[in-house]
Structures are given as structure tokens and as C-alpha cells.
Amino acid sequence: MKYISTRGHAGQPANPEFCDILLGGLAPDGGLYLPETYPQVTRAELDAWRKLSYADLAFAILSKFITDIPAADLKAICDKTYTADVYRHVRAGDNPADITPVHWLEKDAAGKGSFGLLELSNGPTLAFKDMAMQLLGNLFEYVLAKRSETINILGATSGDTGSAAEYAMRGKHGVRVFMLSPHGKMSAFQRAQMYSLQDGNIFNIAVTGMFDDAQDIVKAVSNDHAFKAKYKIGAVNSINWARVAAQIVYYFKGYFAATESNDQQVAFCVPSGNFGNICAGHIARQMGLPVAKLILATNENDVLDEFFRTGVYRPRKAAETHVTSSPSMDISKASNFERFVFDLVGRDPQKVAALWKQVDGGAAFDLTASGEFSRIGGFGFASGSSSHADRLATIRKVFDKYGVMIDTHTADGVKVAWEKADTVPAGVPVLVLETALPVKFAETIQEALGREPERPADLEGIEALPQRVEVMAPDVEAVKRFITTRV
Ligand SMILES: *Cc1c(COP(=O)(O)O)cnc(C)c1O
């Protein structure tokens, strides 16, 4: 499988394959990588895949996108990644061997599930980012060893992504992680999760400033091209193609869990920020998975909901970005959205390059005037948004009615799925993607339910573990010095 850029120039080598783009971020022309075509899944394949374990299904799907790793090696990587031991935090009563079990909230008169949660947050950091990041850790280690290379991953985090990256890369040969976080701004639980890691290749740097200060340092270091090349600085951001590819797998797994035959359809509702998760759902649908609807849920930061309602994409300024109780969805522009727009405009890279020239200049674009938005119906999207009050009410309702505690991001999804139920054909089950567990957002759970969230037994008392973190002023040179003395 060859890869192309959404803006037309995928760079050197001229026709990159999976391993060529694995360690990079953007394509050299500033676009995002996509496979040159979406592999089509046959009915016979769907029938055969229905019975597979998660690891075997991951191998079957990923081998369509990854043709430059020998099959036996890719199989071993999938087997090592998707184990019940790694994804161990399933809800009581669900089968850990499923890796991403469905937890039904509603069943129909015949006892078939009609509305449920697709559990994606059973990994080490209790958010769906572990689904892709754990695979990425194993792929990085494999490809770096093959190429006798090393990488120093530099990132900034306000929570989920940084910890998922650290838990994926801990102990991996050839990889070091330097993760900047805003000092004193994360919850005690989040701090404990990251800073208690004692692995020699993980470095936590708490910057005495805000998340934006940490982010600016990462940008400044990455823009120093000589430093970046000399110290092999890399990233694991949400536009990484391998992360999107890994996420395609659970849409298939969820479909098989929710249906009895491949004649049926399913609908997914996805709490969204950077459009990475739902982009994988879009690709699964393009491959031929029978998906009736992809329902996109945002919080008050509704740039994506606005697009799907109006055809206008209007990225917000930082000052217009709300700080909400579903913080992992607090984005002003959606970094993966360009992949979907590429498909919507008929895979025309010149068109995408022109649209993102407008976006990068701070302007909006409107696809209604040029007629492209009229094709939107063929892609099966619906969308909606939620407020803080909506999330509190939804967390309460799900707890009172079903005895199930959900986190604030999943609550965004449940609220919008209920609201958009009329866009889903009768009899089609709806799965809301559970993107985090409630213990990560204890404050809002307290506000909604007046009690502490449930906490997995193996994470009892992690706040008391010794922590390893370097506190530093927001100073680019100091961060560079720190890196040079650790590599
Ligand atoms: C990252 C994240 C999201 C948003 O996912 P995108 O791929 O950015 O759309 C939603 N919920 C949680 C808990 C997350 O960590």
C-alpha cells in the first residue's frame, strides 16, 4: 500500500509506504497522509472476520494498510499489543478477552442490544487513546530496531495524550519520551499517572506556566531544524496515520458485537475533538463496513458540529476556545478534519491545499457555495453538541436508569446520540464510543452524582507513589539543555 498527501506531494521516497511515514507527522507539503485507496472488504472477509479475536482482527485489517512489514512480524506485534492483560479495566460482567466489549444499556423486546457503550478505555491510562498508542509503541520499537535508529519524542500534554504516549513507550528500545505538562494544572490522579513512571526512558517536565506555554516550547524546539535533526526529535500527535489506522479495528469489532449477521447495520456516536477517532469510523465505512450513521458529538467547542450542520468550517481563535468539563474535546481546529474534507471534495489535492491556505491564514471556508457540501449526505454523518449542564444531566440519568457511571466525554456522546436517534433507521443498534473512564474526571462526577467515581483496583492509592518529575521555567533553552544531557 502506497501513501499520498491530502495536498498532493507526499515527499521522499516518492511513493512512501507505511514504515516510511510511521515516525513522521505532516507530509512535507503540510498535508496529511492517507492510503492511495481505501481497501474494500468483501462479504466473505466480513463473514470470516466476525469470529476473530481482537488481535487477529487487528492483523487482518492492518495488513491491508501495512504491506511493508512481513506478515509474521505484524501478527506478532498485534498479538503482543491487544491482550486482556493490557486492556484490563473492563466493566464488571464484561469479558476481558473481548478487549473492547459492548456494555448494553438498552435491549429490545427480543433481548437484543439496541443502545450501548463500546468500551474503549480499558487500557493502562483509562482513555481510548491507549487503543492506538499501545500499538504505536510496539511499531516504533520494531521499525527503529530494523533501521538501527532511535527517536526522542517531545510533546506537550494537558492530560490524556501525554500519559497514553508514556505508557505506550515505557521501556521501549530506541525511544525516549520528553513530555511537558503545565505545573500544578492537572488533577492529582493525572499527575500520579504520569509522574509515578520510573522507567529510564521517560522524562516528565512540569513547566511553571499554562499548557500553551508548554506547547509553544515544543513548537520552538521543533522549528530549530538543526537541533531537531541532531537530536532526532519526533512526535506522536493525533495526525499520525498509524493511530488512525489502529482505530479502524474497533469499529469492525463493535459492529460484530452489535449484530448477528453482516446484513445488518449499526450506528456509532463519537465524542470528538481533533476528528481522529471518527475519521477511523469514516474510513471503516468507506471500506464497506455496514454503518448506517456516524454521529459526531462535540461539547461547547462546536466547530465540527457547525460544519456538519452548515457546510462552513470556521476554526476558532484560542480566545474563543472554551475550557470545559470534557477537556479532551476542547479544540479550536480539528487537526484530522483535512482527511475527511479530502474525500468530500472528491480527493482533489489542489482543492484541499487551497482550502487550508485559507484556514492557515485564519479564515473560514464554506463548501455550500461551490456545491461540494451537497455530497455530504453520502457520508452518513449527523452531529450535535452538549453543554456542561447537559453532561451533568446525562451522567445522572445514565447512573439512575442503568446503574452505570460514565465520564464527561462519553456523556457528550450519549446526550447527542439520544438527541439524534431520529436520524438512525428503526432497528439499527447505536453504540456510543466510551472514550474515558469516570475516575479521570472525579470533580465533575462529584458535581453530578455527589459521590466519588469508581476506581479500578490496580489504581488504588497511586497518588501516594513516589513521583519523578523535573520542574522548570517555561524556557526553550533550558528544555533543550535538559534533552541534550539525557540522550
Ligand atoms: C482525545 C479524546 C477525545 C477526542 O478524540 P479525537 O480523536 O481528538 O476526536 C474524546 N474523549 C477523550 C476522553 C479523549 O481523550
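Residues numbered from 1 in each chain as written. Predicted model: local features only at pLDDT ≥ 70, side-chain atom pairs only at ≥ 80, totals over all residues. Heavy atoms only, no water.

### Some words on the UniProt feature "domain: Threonine synthase N-terminal" (unreviewed entry) in the protein chain
Short version of the rule: UniProt positions are given in the numbering used here, feature names are shortened, and annotations may be inferred rather than shown by experiment. Strands here are runs of E lasting at least two residues and helices are runs of H or I lasting at least four, both read from the DSSP assignment and numbered beginning at the N terminus.
In the UniProt entry, the feature "domain: Threonine synthase N-terminal" (unreviewed entry) is given for residues 2-82. Between the C-alpha atoms that bound residues 2-82 the distance is 26 Å, and the span itself is 43% helix and 7% strand.

### Structural notes on the packing of helix H3 (residues 54-65) against helix H4 (residues 71-81)
Selection criterion: Between the N-to-C directions of two axes lies an angle of 0 to 180 degrees, each axis being a line fitted to C-alpha atoms and, for a helix, fitted only over the stretch in contact. In this scheme, roughly parallel covers angles under 35 degrees and roughly antiparallel covers those over 145, while 65 to 115 is roughly perpendicular and the rest are oblique. What makes a crossing left-handed is the near helix being turned counterclockwise from the far one by less than a right angle; a clockwise turn instead makes it right-handed. In this analysis, two residues are considered to be in contact whenever any of their non-hydrogen atoms come within 4.5 Å of each other. Any residue outside Ala, Val, Leu, Ile, Met, Phe, Trp, Tyr, Cys, Pro, Asp, Glu, Lys and Arg is labelled polar, Gly included; the first ten of those are nonpolar and the last four are charged.
The contact between H3 and H4 brings their axes to 9 Å, and the two run at 140 degrees. When the axis of H3 is compared with that of H4, the two are oblique. Between H3 and H4 lies a crossing whose hand is right-handed. For the pair H3 and H4, the contacting residues are Ala-55, Asp-56, Ala-58, Phe-59, Leu-62 and Ser-63 in the first and Ala-71, Leu-74, Lys-75, Cys-78 and Asp-79 in the second. Taken together, the residues that form the contact of H3 with H4 break down as seven nonpolar, one polar and three charged.

### Describing the pattern of salt bridges
For clarity, the cut-off: One speaks of a salt bridge when a side-chain nitrogen belonging to Lys or Arg is within 4 Å of a carboxyl oxygen belonging to Asp or Glu.
All chains considered together, the criterion is met by 30 salt bridges. When salt bridges that share partners are traced, they join Asp-302, Glu-306, Arg-314, Arg-316 and Glu-320 into one network.

### Comments concerning the UniProt feature "domain: Tryptophan synthase beta chain-like PALP" (unreviewed entry) in the protein chain
The UniProt record annotates "domain: Tryptophan synthase beta chain-like PALP" (unreviewed entry) at residues 100-345. From the first C-alpha to the last, residues 100-345 spans 33 Å; its make-up is 41% helix and 21% strand.

### Description of the environment of Thr-310
For the record, the criterion: The term polar contact refers here to a pair of N or O atoms within 3.5 Å; inside protein, the definition further demands a hydrogen-donor-capable atom paired with an acceptor-capable atom, and it admits residues adjacent in sequence only when both atoms are side-chain atoms.
Looking at the element boundaries, Thr-310 is found in helix H12 (residues 303-310). Taking the C-alpha atoms as reference points, Thr-310 and Thr-161, separated by 149 residues in sequence, lie 30 Å from one another. Excluding residues that lie within four positions of it along the chain, Thr-310 makes contacts with Thr-368 and Phe-373. In terms of polar contacts, Thr-310 uses its side chain to reach the backbone amide nitrogen of Val-312, at 3.1 Å.

### Details of the sheet that holds strand E13 (residues 381-385)
What counts here: Pairing between strands requires that DSSP locate at least two bridges from one strand to the other.
In space, the six strands of this open sheet follow the order E3-E4-E14-E9-E10-E13, with mixed pairing throughout. In the strand order of this sheet, the two ends are held by strand E3 (102-107) and E13, each with one partner. Adjacent strand axes in the sheet meet at a mean angle of 20 degrees when their direction is disregarded. In this structure, E3 lies alongside strand E4 (residues 113-119), joined through five bridges in antiparallel fashion. Paired with Val-102 across the strands is Leu-118, a residue of E4. Lying over the sheet, helix H11 (residues 276-286) contacts strand E9 (266-271), strand E10 (291-298), E13 and strand E14 (430-434), oriented at roughly 170 degrees with respect to E10.

### Quick word on the sheet that holds strand E7 (residues 202-207)
Sheets are built from strands that pair by backbone hydrogen bonding, the pairs being arranged parallel or antiparallel. Read from one edge of the open sheet, five strands run E8-E5-E6-E7-E15, paired in parallel fashion. Two strands lie at the open edges of the sheet, namely strand E8 (233-234) and strand E15 (470-472), each paired on one side alone. Bridge analysis of E7 against E15 gives three bridges, and the strand direction is parallel. Opposite Ala-206, over in E15, you have Val-471 as the bridge partner. Lying on the sheet, helix H8 (residues 211-223) is in contact with strand E5 (151-156), strand E6 (175-182) and E7; it crosses E5 at an angle near 145 degrees.

### As for the packing of aromatic side chains
Here is the rule: Put simply, two rings from Phe, Tyr or Trp (the six-membered ring, in Trp's case) pair if the centres are within 6.5 Å, and we call them stacked under 30 degrees between planes, edge-to-face over 60, tilted for the rest. The rule for a charge over a ring is simple: NZ of Lys or CZ of Arg within 6 Å of the ring centre, and within 35 degrees of the ring normal.
All chains considered together, the criterion is met by 31 aromatic pairs. An aromatic cluster of three or more residues is present, and its members are Phe-275, Phe-307, Phe-308, Tyr-313, Phe-337, Phe-340, Trp-356, Phe-365, Phe-373, Phe-379 and Phe-381. Its guanidinium or amino end placed over the ring of Tyr-38, Arg-347 lies 4.7 Å from that ring's centre, counting from NZ or CZ. Geometry around Trp-418 places Lys-397 over its ring, the cationic atom sitting 4.5 Å from the centre.

### With respect to the site of the ligand
In plain terms, the rule: Note on definitions. A residue lies near a molecule or strand when any single heavy atom of the residue is within 4 Å of it. For the area figures, the Shrake-Rupley method with a 1.4 Å probe applies, and any residue is considered shielded solely by the protein chains shown.
Around the ligand, the surrounding shell holds 15 residues, and the nearest of these are Lys-129, Asp-160, Gly-273, Asn-274 and Asn-277. At 2.8 Å from an oxygen atom of the ligand is found a main-chain nitrogen or oxygen belonging to Gly-273. Side-chain polar atom of Thr-435 to a nitrogen atom of the ligand: 2.9 Å apart, as the coordinates give it. Taken by itself the ligand offers 390 Å² of open surface, and the protein chains cover 96% of this. Taken together, the residues of the shell around the ligand break down into five nonpolar, eight polar and two charged.

### Some thoughts on the packing of helix H5 (residues 129-146) against helix H10 (residues 241-258)
Axis separation between H5 and H10 bottoms out at 8 Å; the angle between their running directions is 125 degrees. Between H5 and H10, the crossing angle belongs to the class labelled oblique. Along this stretch, H5 crosses H10, giving a crossing that reads as right-handed. The residues of H10 that touch H5, namely those facing Lys-129, Met-131, Ala-132, Met-133, Leu-135, Leu-136 and Leu-139, are Ala-242, Arg-243, Ala-246, Gln-247 and Tyr-250. Grouping the amino acids of the contact of H5 with H10 by side-chain chemistry returns nine nonpolar, one polar and two charged.

### What about the environment of Leu-459?
This is how the line gets drawn: A simple rule labels every residue: compare its accessible area, found with a 1.4 Å probe on the protein chains alone, to the largest value its type can have, and call it buried under 20%, exposed over 50%, or partly exposed in between.
Counting through the fold element by element, Leu-459 comes out in the loop between helix H17 (442-449) and E15. A relative accessible area of 10% means that Leu-459 is categorised as buried. Leu-459 sits 20 residues away from Val-439 along the chain, and the two C-alpha atoms are 9.9 Å apart. With sequence-adjacent residues up to four places away left out, Leu-459 is seen in contact with His-89, Leu-126 and Phe-189.

### Brief notes about unusual backbone geometry
Residues apart from glycine generally show negative phi values, whereas peptide bonds are mostly found in trans. The residue Ile-99 is not glycine, and still its phi comes out positive at about 65 degrees. Within the secondary structure, Ile-99 sits in the loop between H4 and E3. Residue classification places Ile-99 among the buried residues on the basis of a relative accessible area of 3%. The phi torsion at Lys-232 lies on the positive side, around 50 degrees, for a residue other than glycine. Position of Lys-232 among the secondary structure elements: in the loop between helix H9 (225-230) and E8. Residue class for Lys-232 comes out partly exposed when judged on its relative accessible area of 41%.

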